[in-house]
Amino acid sequence: MGPIAIVFSLGVLGVLFAFWLAQDVLRRDRGTPEMQVVSNAIYEGAMAFMRRQYGTIIMLALVGCVVVGALIAAVEGDTRLGISTAVSFLVGAGCSALAGFIGMYISIQANIRAASAARFSLDGAVQAALRGGAVSGFLVVALSLLGVAAMFVIFGGMERPDLAPFQIVGFGFGASFVALFAQLGGGIYTKAADVGADLVGKIEVGIPEDDPRNAAVIADLVGDNVGDCAGRGADLFESTAAESIGAMILGVAVYAIARRLNLPNPEYWVFFPLVVRALGIVASAVGLLIVKAREGENAMHALNRGYYLAAGLSAVFMVVAAQVMLGSIWFGIAGVIGIATSIAFVLITQYYTSGTARPVQEIARASLTGPATNIIAGTAVGFECTASTAISISVALVACYWAGIWGVAELGIKIADHSAGVFGTAVGTMGMLMTAAYILAMDTFGPITDNAGGIVEMSHQPESTRAITDELDSVGNTTKALTKGYAIGSAALAAFLLFSAYIDKVNEIVCKNFRDPSGLVDIEKCVDPRKLVAVDLANVNVFVASLLGAMLVYLFSSLAIRAVGRASQSIILEVRRQFREDPGIMLGTSRPDYTRCVDITTRAALKEMVAPGLLAIAVPIIIGVVLKHQAVAGMLMVGTITGVILATVLNNSGGAWDNAKKYIEAGFMKDAAGNVIGKGTPTHAASVVGDTVGDPYKDTAGPSLHVLVKLLSTITLVMAPLFIG
């Protein structure tokens, strides 16, 4: 069986496995009638928002498709290239939207199954939540893989593997386009509802989280699905698509040399990224199937066992694939380094966001003296965690770079060290992405268990059931945080890859007249002065573009956070109004108007997502048109680095603030006399304020920065012809 056949076979297997998981989840018990009433309300709110959000996104995507295709055709003077780019853009956008929508639908169906299972056992609840999350995980990864592979074949990749990767970059741009708006809209929705529910409910009125008397509670539960499920699914879809295409582009340089030397199967250098991602689906499936939570055990341990097995199998598959396809163990080592880096990011994120570690406990203790010291401690934790992130990525990049150089040298292929080293980093990135399906399953586990807790609370289930869902909710906060760490880690590792892919794309355009007898572009003989070898930061245009790239990251984050603030103010005023005008709500004799809060949050999210989204798309294009292609390279490099660091701060500080609140709510905080300092105390109120500050950090701006980092790369790859002077 050839490499492409393996890719399609395992991709289809991934889709079938996702549908088997969906069937397994849907056959489980749906709980009591009271539980079903709450679940149905969440379902209706989520589907209403998704229909309106994706209706808006589809309209924007259609406009983007036409504009991108027309610009490419006009600049390149090639109508066929313009049409192919527009089509690949639209397919990428459609697949991204489909993956997010289906995954969110199953997660909503899984929340009541997890809540019902929690009445009987911990393992049953874990299985329902994790498998429900895995539907999204495997669909996202499999559809991304099949989409890239199909576009590659359709655009002639089997005949000209050196040209097809450049022609399908529109697929990655389309996926990034949808992911940006899906993550922004979902993130604004979920945090506006969450902030409004917490500040009025917990602090002003003094009722528990997910109390049915809180008018914003249904909107809050809906938000978990549209932000953390659909938004993150679209995020990782575009990550895997864009980074795979970038790795294939970098493989073209080695392919060209291998073909000139008449080495066997030179096309394997282009196919390799897709093959190892396909093998990662198998590894993730095996890891998922062995998860079983023992009664009395921390559920995080069960999830970790599955993850470590998936990572171990991925390492074995990577080494074998590298030896068989590329002929050097050094590329297998580069891939294993990428897998080890993903484990490092999981451990780093767990350390900074888990209630069992020093940072979260430090924030909880700071709450004893009020919200100001809580916020100071959380901010410090966010800044601190950038050190371990930057060091891990730096070590991984250098190690993968040299592994690539040694691998090419072992094979006797004469190619520039830089090209060989960059391909090594591409293999490392593919290694990191091999466990993406399992990681996304753990991510979606979080909102499913959060919703399960809300269903249990609102339907007045026994305290023993709530104890299980509370434990799983705390674990879910950690899994959501580690997925964000994983996403930004893969973005950081891929930053060098995608930056180099942009340089290769520019050189492929400007050197198209310098071809060898076989029709391959000969970069070494190209003497066009526009050719990019290095980026000169002393060039004023490059420096200015780099400065603007860093500015874009902060301005984008400001707009996203401000959007949550404005939307949450509307919810706060509405919840206060309902409590004030209908005293029966607090007495339990009247039902709050949940629909009103859902509608306010929906309208606010759809309105507020447009400005930061358009800013992210417009700025790189304006910089490229005005300052040209070398300046864009500077913007891409500095903007990506800045985005990775800021996203790390936002993700981990927000996650730490959230679990510091959970640490206090679980009764782990005690005074000097050993008395529990828990819910309803000033210390708890201070932790709620800190958690509220962290909400738009970790669930709106931080995750949206993951997408922005990749969008900078995909938009510059697609629009490169427009930037070349």
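Data block above holds the structure.
Summary of the structure given here. Computed from a predicted structure; not experimentally measured.

Parameters at a glance
Residue positions are given per chain, counted from 1 along the sequence in the order it is written. pLDDT decides what is reported in this predicted model: residues at 70 or higher carry local features, side-chain atom pairs at 80 or more are listed and counted, and totals for whole chains, interfaces and linings draw on all residues regardless. Calculation of side-chain values draws on the structure's entire complement of heavy atoms; hydrogens and water are dropped beforehand. For helices the rule is a DSSP run of H or I covering at least 4 residues; for strands it is a run of E covering at least 2, with both sets numbered from the N terminus onward. The cut-offs for exposure are 20% and 50% of the maximum accessible area for each residue type, with area from a 1.4 Å probe on protein chains only; residues under the lower value are buried, those over the upper are exposed, and the others partly exposed. Any two residues having at least one pair of non-hydrogen atoms within 4.5 Å are treated as being in contact. In these tables, accessible area is a Shrake-Rupley quantity obtained with a 1.4 Å probe, and a residue counts as shielded only by the protein chains included in the view. Any two cysteine sulfur atoms within 2.5 Å of one another count as a disulfide. By this rule the span expected of a helix is its residue count minus one, scaled by 1.5 Å. For salt bridges, the criterion is a side-chain nitrogen of Lys or Arg within 4 Å of an Asp or Glu carboxyl oxygen. Stacked, edge-to-face and tilted are the three classes for Phe, Tyr and Trp ring pairs, Trp counted by its six-membered ring, which pair at centre distances within 6.5 Å; planes under 30 degrees apart are stacked, over 60 edge-to-face, the rest tilted. Nonpolar cores were defined as sets of buried Ala, Val, Leu, Ile, Met, Phe, Trp, Tyr and Cys residues, with membership established by side-chain atoms within 4.5 Å. What counts as an axis is a line fitted to C-alpha atoms, over the stretch in contact for a helix, and the angles between N-to-C directions run from 0 to 180 degrees. By definition, any crossing whose near helix is turned counterclockwise from its far helix by less than a right angle is left-handed, and any crossing with a clockwise turn is right-handed. Side-chain classes follow a simple rule in which Ala, Val, Leu, Ile, Met, Phe, Trp, Tyr, Cys and Pro form the nonpolar group, Asp, Glu, Lys and Arg form the charged group, and the remainder, Gly included, forms the polar group. Candidate patch residues must exceed 30% relative accessible area and have no salt bridge, after which like charges are joined if within 9 Å and Val, Leu, Ile, Met, Phe, Trp or Tyr side chains if within 5 Å. Here a polar contact is recorded for every N or O atom pair within 3.5 Å, except that within protein the pair must consist of a potential hydrogen donor and a potential acceptor, and residues adjacent in sequence are included only if both atoms are side-chain atoms. In these notes the angle categories are as follows: under 35 degrees is roughly parallel, over 145 is roughly antiparallel, 65 to 115 is roughly perpendicular, and the rest is oblique.

**Topic: the overall build of the protein**
Each helix and strand counted, the protein has 20 helices and 0 strands in total. Oriented by its inertia axes, the alpha-carbon framework of the protein measures out at about 85 × 50 × 45 Å. Within the span of the protein, comprising 725 residues, buried residues form 66% of the whole. When contacts within the protein are restricted to residue pairs at least 6 apart in sequence, those whose partners lie at least 24 apart make up 84%. In the structure as shown, the protein presents an accessible area of about 23,400 Å², 65% of it carried by carbon and sulfur atoms.

**A look at the side chain of Asn652**
As for its placement among the helices and strands, Asn652 is situated in helix 19 (residues 610–665). In this structure, Asn652 is in contact with Thr349, Tyr352, Thr353 and Cys385, ignoring residues within four places of it in sequence.

**A closer look at the state of the cysteines**
Under the definition given, this model contains 1 disulfide. Cys65 takes part in no disulfide bond, and the closest cysteine sulfur to it belongs to Cys95, at a distance of 14 Å.

**Regarding helix 8 (residues 268–289)**
The terminal C-alpha atoms of helix 8, which comprises 22 residues, lie 31 Å apart, in line with the 32 Å expected from a rise of 1.5 Å per residue. The buried fraction of helix 8 amounts to 19 of the 22 residues, a majority that puts the element mostly inside the structure.

**Regarding the pattern of salt bridges**
Applying the stated rule across the entire model yields 29 salt bridges. Between Arg213 and Asp211 there is a salt bridge, with the nearest N and O atoms lying 2.9 Å from each other. Look at Asp211 and you get buried, because its relative accessible area is 5%. A salt bridge links Arg466 to Asp470; the shortest N-O distance between them is 2.7 Å. Of the two residues, Arg466 and Asp470 both sit in helix 15 (residues 463–510), 4 residues apart, roughly one turn of that helix. Take Arg466: its relative accessible area is 10%, and that puts it in the buried class. On the basis of relative accessibility, which here comes to 32%, the residue Asp470 falls in the partly exposed class.

**Focus: the packing of aromatic side chains**
Summed over the entire model, instances satisfying the criterion amount to 19 aromatic pairs. With 5.3 Å between their ring centres and 80 degrees between their planes, Trp269 and Phe331 make a pair best called edge-to-face. Within this pair, whereas Trp269 is found in helix 8, its partner Phe331 is found in helix 10 (residues 329–353), the two being separated by 62 residues in sequence. An identical accessibility class is assigned to Trp269 and Phe331; each is buried. Ring centres of Phe331 and Phe423 lie 5.7 Å apart, and the angle between their planes is 75 degrees; this geometry places the pair in the edge-to-face category. A residue pair is termed long-range when its members are at least 10 positions apart, and Phe331 in helix 10 and Phe423 in helix 13 (residues 417–433) qualify at 92 residues. Given a relative accessible area of 0%, Phe331 falls into the buried group. These aromatic residues form a ring-pair network of at least three members: Phe89, Phe173, Phe177 and Phe181.

**Side note on the nonpolar core**
Within the largest apolar cluster, 243 residues are counted, with the highest numbers of intra-cluster contacts made by Phe138, Leu303 and Tyr502. At 22 residues, the largest contribution of residues to this core is made by helix 7 (residues 217–260). When neighbours within four sequence positions are excluded, Leu303 is seen to be in contact with Val126, Leu130, Val291, Tyr438, Met442, Phe445, Val475 and Thr479. Ranked by size, the runner-up nonpolar core spans 16 residues in total, among them Val360, Ala364, Ala377 and Ala656.

**Some points on the packing of helix 3 (residues 79–117) against helix 7**
Here helix 3 crosses helix 7 at 145 degrees, and the two axes come no closer than 8 Å. The two elements helix 3 and helix 7 cross, and the hand of that crossing is right-handed. The residues of helix 7 that touch helix 3, namely those facing Gly92, Cys95, Ser96, Ala99, Gly100, Met104, Ser107, Ile108 and Asn111, are Asn225, Val226, Cys229, Ala230, Ala234 and Phe237. The residue inventory of the contact of helix 3 with helix 7, partitioned by class, reads 9 nonpolar, 6 polar and no charged.

**Re unusual backbone geometry**
Despite not being glycine, Asn265 shows a phi value in the positive range, around 50 degrees. Given a relative accessible area of 35%, Asn265 falls into the partly exposed group.

**Focus: a nonpolar patch on the surface**
Together, Val540, Phe543, Val544, Leu547, Leu548, Met551 and Leu555 line one region of the surface with nonpolar side chains, adding up to about 600 Å² of accessible area. Turning to its location among the elements, Leu548 is positioned in helix 16 (residues 540–581). Residue class for Leu548 comes out partly exposed when judged on its relative accessible area of 30%.

**Considering helix 13**
Between its first and last C-alpha atoms helix 13 spans 25 Å; for 17 residues at 1.5 Å apiece the expected length is 24 Å, and the two agree. The element helix 13 is extensively covered by neighbouring structure, given that 14 of its 17 residues are classed as buried.

**Here we look at the environment of Ile415**
Mapped onto the secondary structure, Ile415 falls in the loop between helix 12 (371–411) and helix 13. On a C-alpha basis, the gap between Ile415 and Gly335 in space is 20 Å, while along the polypeptide they are 80 residues apart. When sequence neighbours within four positions are dropped, the list of residues in contact with Ile415 reads Ala253, Val254, Ile257, Val408 and Ala420.

**So, the side chain of Ser704**
Inspection of the secondary structure assignment puts Ser704 in helix 20 (residues 682–723). One polar contact links the side chain of Ser704 to the main-chain carbonyl oxygen of Thr700, over a distance of 2.7 Å. For Ser704, the contacting residues outside a window of four places in its chain are Leu180, Gln183, Leu184 and Phe556.

**Description of the packing of helix 15 against helix 19**
At a minimum axis separation of 10 Å, helix 15 and helix 19 run at an interaxial angle of 175 degrees. As judged from the angle between their axes, helix 15 and helix 19 are roughly antiparallel. Tallied by class, residues from the contact of helix 15 with helix 19 come to 14 nonpolar, 9 polar and 4 charged.

**What about the environment of Val626?**
Counting through the fold element by element, Val626 comes out in helix 19. What makes Val626 exposed here is its relative accessible area of 57%. Between the C-alpha atom of Val626 and that of Phe723, which follows or precedes it by 97 residues, the distance is 8.1 Å.

**Considerations on the environment of Leu559**
The residue Leu559 is located in helix 16 in this model. In this structure the C-alpha to C-alpha distance between Leu559 and Arg30, which are 529 residues apart in sequence, comes to 40 Å. Excluding anything up to four places from it in sequence, Leu559 contacts Ala611, Pro612 and Leu615.

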